[in-house]
Every structure is written in C-alpha cells, then in structure tokens.
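What the coordinates show
The chain contents come next:
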Amino acid sequence: MSNGYAQSVRLLKAGRVDAIAGTALSIFFNLSRHGMQRHAYGSVTVFDNTPLWLQCRRRALPDATLERLRRATEVLRTAGAVEKILQHYSGGYTFKKGS
C-alpha cells in the first residue's frame, strides 16, 4: 500500500515494488510525470473497464444546461478530442474502448 499514485510510481521506478494497480489514466499520468517512458515498464493487465461519468449535483443546473453538456461531451468524444486529452495526460498511452 502507498499514499497514492505518485508514491506508487516512485516505488516502482526505484524497484521497491514489482507492480502497481489503479486507473490507467492516473497511473500513466504519474509515470509520465516521473519521466518513465512506455518501454520502461512491463505490460498492462486490464482487470475492468469503467465508463467515465459526468455527474452533477441534483438541481444544480437547469435541464437545458445538462442537455447541452451531454451533447457537448458526445461531440468531443465522437470527434476524438477526449482520446487526445487522455493521451496528452497519460504520456501518449492510447485508451481504446473495451481494452
């Protein structure tokens, strides 16, 4: 156990642990932040895929605004913008639906 992704990555980089677990985006972001290139660590084992949700507090936004947010996020996802953002913050790791 560690105090978070950053510490887990430091332990992995130092050879103090053989593996770390967590969300792909968080792990790859921290690996990239600590200067670890994709070839510097082993293969990735995916245990589960969980959809990313946009959650708003009940009655915090008018229904029309929520619908605009839904449409905008769908446009971003369909256009590949979400994938590009994820790649940027993960050091170039490609996130494929279902993988």
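Check the entry above for the structure.
Further remarks concern the nonpolar core. Membership of the largest hydrophobic core is limited to eight residues, which are Val9, Leu12, Ile27, Phe28, Leu31, Met36, Tyr41 and Tyr93. If one sorts the elements of this core by residue count, helix α2 (residues 24-33) sits on top with three residues. Excluding residues that lie within four positions of it along the chain, Val9 makes contacts with Ile20, Ile27, Asn30, Leu31, His34 and Met36.

Residues Leu25, Ile85 and Tyr89 make up a contiguous nonpolar surface patch of about 270 Å² in total accessible area. Along the chain, Tyr89 falls in helix α4 (residues 81-89). For Tyr89, a relative accessible area of 44% translates into the label partly exposed.

The rules behind these values
Residues numbered from 1 in each chain as written. Predicted model: local features only at pLDDT ≥ 70, side-chain atom pairs only at ≥ 80, totals over all residues. Heavy atoms only, no water. Core = buried A, V, L, I, M, F, W, Y, C linked by side-chain atoms within 4.5 Å. Buried < 20%, exposed > 50% of the residue type's maximum accessible area, 1.4 Å probe, protein only. Helix = DSSP H or I, 4+ residues; strand = E, 2+ residues; numbered from the N terminus. Contact = heavy atoms within 4.5 Å. Patch = residues over 30% accessible without salt bridge, like charges linked within 9 Å, V, L, I, M, F, W, Y side chains within 5 Å. Areas by Shrake-Rupley, 256 points an atom, 1.4 Å probe, with all protein chains shown as cover. Salt bridge = Lys/Arg side-chain N within 4 Å of Asp/Glu carboxyl O.

Keep in mind these values describe shape, not function.
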